[in-house]
Amino acid sequence: MSSLEKINLENVPEHVAIIMDGNGRWARQQGHERLFGHNYGVESVREALRAAQNTGVKYLTLYAFSTENWNRPKEEVDGLMDLLVTTITNEVDELDSNNVRIQTIGDSTGLPEGCRYALMSAIERTKDNTGVTLILALNYSSRWEILNATKEIAGEIARGELSPDDITSDVFEKHLTTRSIPDPELMIRTSGEHRVSNFLLWQIAYSEFHFTEVLWPDFKEEDLYKAILDFQSRERRFGMVSEQLNK
Ligand code: IPE
Ligand code: IPE
Ligand code: MG
């Protein structure tokens, strides 16, 4: 029996975020260059997206490239950027016909022009779709995002448009690249690493974490179903006590 059949479809996270990790180790295990693993990882993106569609997840955010990933060897960085362009270009028709809406978070101004162009056209083309929103975190890091928000707010205060007392969580969130996207209820990291690596620090305040040993290129639909089942086994208390929740 697939884990899909065990999922309570009434309690599926609206937003799932995934730190797709382990491509390099997977490739090395097969005796290949790291880029081979990144290429293979595209199939796992399809798997995760299908699982999101089958369960009713509305937002799927994938950490694809961090601001720290620029520090990798040039060959790998160039290969990742090329892969991004070819994947977006090749997949956009199918994504569009599957009603998927593509968005990005992160500092897109820092991406190569070819990437920016491919992303912008995919975002524009799919903007009215009403199925899963697929959010690619590219040139993203949470500290960059929080600092950027702080600078924008400081600018508004300096111009007299905002008073410090008016800075609420809602105001702050409007300056994050995730504005208009609900916080993820579930955060998954593959490859057995138990860290957040500068991803969505503000937004995961009350997320449930699911860690799996599976390396990203081995990730299948079933792995997302298992993560959702794990999520459904948790009691989310938001600072309260059990008795208050079960009233
Ligand atoms: C995740 O896999 C993909 C990116 C960070 C772009 P890695 O490339 O980090 O693979 P490992 O962690 O070295 O195995
Ligand atoms: C996190 O993975 C970034 C992405 C998945 C894009 P990394 O492989 O870069 O993270 P660390 O360096 O192991 O923390
Ligand atoms: Mg890694």
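As the structure is a computational prediction, the values presented were derived from the model and not from experiment.

**Student:** Describe the site of ligand 2, listing the residues and the values that go with them.
**Tutor:** Every residue close to ligand 2 is listed here: Ile19, Met20, Asp21, Tyr63, Ala64, Phe65, Ser66, Asn69, Arg72, Arg189, Arg195 and Ser197. Taking Arg72, its side chain carries an N or O atom lying 3.2 Å from an oxygen atom of ligand 2. A distance of 2.7 Å separates an oxygen atom of ligand 2 from a polar atom in the side chain of Arg195. Protein chains bury 78% of the 390 Å² of accessible surface belonging to ligand 2 in isolation. At four residues, strand 2 (residues 59-66) tops the list of elements feeding residues into the shell around ligand 2. Classifying every residue of the shell around ligand 2 gives five nonpolar, three polar and four charged.

**Student:** Let's hear about the site of ligand 1: which residues, and what values?
**Tutor:** Taken together, the neighbourhood of ligand 1 is formed by 13 residues, with Asp21, Gly24, Arg25, Arg34 and Arg72 sitting nearest. With respect to ligand 1, the side chain of Asp21 contributes an N or O atom lying 2.7 Å from an oxygen atom. Within the side chain of Arg72, an N or O atom sits 2.7 Å from an oxygen atom of ligand 1. Relative to its unbound accessible area of 380 Å², ligand 1 is 87% covered by the protein chains. Elements with a minimum of two residues in the shell around ligand 1: helix 1 (23-29), helix 2 (34-55) and helix 3 (74-97).

**Student:** Break down the environment of Leu229 for me, citing the residues and quoting the values.
**Tutor:** In this structure, Leu229 sits in helix 7 (residues 221-232). On a C-alpha basis, the gap between Leu229 and Arg28 in space is 31 Å, while along the polypeptide they are 201 residues apart. In this view, Leu229 contacts Ser3, Lys6 and Ile7; residues no more than four positions away in its chain are not counted.

**Student:** Which residues make up the pattern of salt bridges, and what are the values?
**Tutor:** Applying the stated criterion across every chain yields a total of 19 salt bridges. For Arg34, the salt bridge is made with Glu76, and the minimal N-O distance between the two is 2.7 Å. Here the residue Arg34 occupies a position in helix 2, and Glu76 occupies one in helix 3, the gap between them amounting to 42 residues. Judged by relative accessible area, Arg34 falls into the partly exposed class, the value being 27%. Judged by relative accessible area, Glu76 falls into the buried class, the value being 7%. For Arg72, the salt bridge goes to Glu76, with nearest N and O atoms at 2.8 Å. Judged by relative accessible area, which is 29%, Arg72 ranks as partly exposed.

**Student:** Just give me the short version of a nonpolar patch on the surface, but keep the residues and values in it.
**Tutor:** A contiguous nonpolar patch, built from Tyr206, Phe238, Met240 and Leu245 and spanning about 370 Å² of accessible area, is present on the exposed surface. By secondary structure assignment, the location of Met240 is in the loop between helix 7 and helix 8 (242-245). What makes Met240 partly exposed here is its relative accessible area of 38%.

**Student:** I'd like a rundown of the sheet that holds strand 4 (residues 133-140), residues and numbers included.
**Tutor:** The parallel open sheet is built from six strands, whose spatial order is 3-4-2-1-5-6. Whereas interior strands pair on both sides, the edge strands pair on one side only; in this sheet they are strand 3 (101-105) and strand 6 (208-211). Between one strand and the next, the sheet's axes are offset by a mean angle of 20 degrees, whatever the strand orientation. By the bridge criterion, four bridges tie strand 1 (residues 15-19) to strand 5 (residues 186-189) in an arrangement that is parallel. In the strand pairing of strand 5, Ile18 is matched with Ile188. Contacting strand 1, strand 2 and strand 4, helix 2 runs over the sheet at an angle of about 160 degrees to strand 2.

**Student:** Outline the packing of helix 2 against helix 7, supporting the account with residue identities and numerical values.
**Tutor:** Axis separation between helix 2 and helix 7 bottoms out at 7 Å; the angle between their running directions is 50 degrees. When the axes of helix 2 and helix 7 are compared, the pair comes out oblique. The element helix 2 and its partner helix 7 pack so that their crossing is right-handed. Across the interface between the two elements, Glu47, Ala48, Arg50, Ala51, Ala52, Asn54 and Thr55 of helix 2 pack against Glu221, Leu224, Tyr225 and Ile228 of helix 7. Residue classes in the contact of helix 2 with helix 7 are distributed as six nonpolar, two polar and three charged.

Rules and cut-offs
Residues numbered from 1 in each chain as written. Chains lettered and ligands numbered in written order. Predicted model: local features only at pLDDT ≥ 70, side-chain atom pairs only at ≥ 80, totals over all residues. Heavy atoms only, no water. Near = heavy atom within 4 Å. Polar contact = N/O pair within 3.5 Å; in protein donor to acceptor, adjacent residues only side chain to side chain. Areas by Shrake-Rupley, 256 points an atom, 1.4 Å probe, with all protein chains shown as cover. Helix = DSSP H or I, 4+ residues; strand = E, 2+ residues; numbered from the N terminus. Nonpolar A, V, L, I, M, F, W, Y, C, P; charged D, E, K, R; others polar. Contact = heavy atoms within 4.5 Å. Salt bridge = Lys/Arg side-chain N within 4 Å of Asp/Glu carboxyl O. Buried < 20%, exposed > 50% of the residue type's maximum accessible area, 1.4 Å probe, protein only. Patch = residues over 30% accessible without salt bridge, like charges linked within 9 Å, V, L, I, M, F, W, Y side chains within 5 Å. Pairing = 2+ DSSP bridges. Axes fitted to C-alpha atoms, helices over the stretch in contact; angles between N-to-C directions. Parallel < 35°, antiparallel > 145°, perpendicular 65-115°, else oblique. Left-handed = near helix turned anticlockwise from the far one by under 90°.

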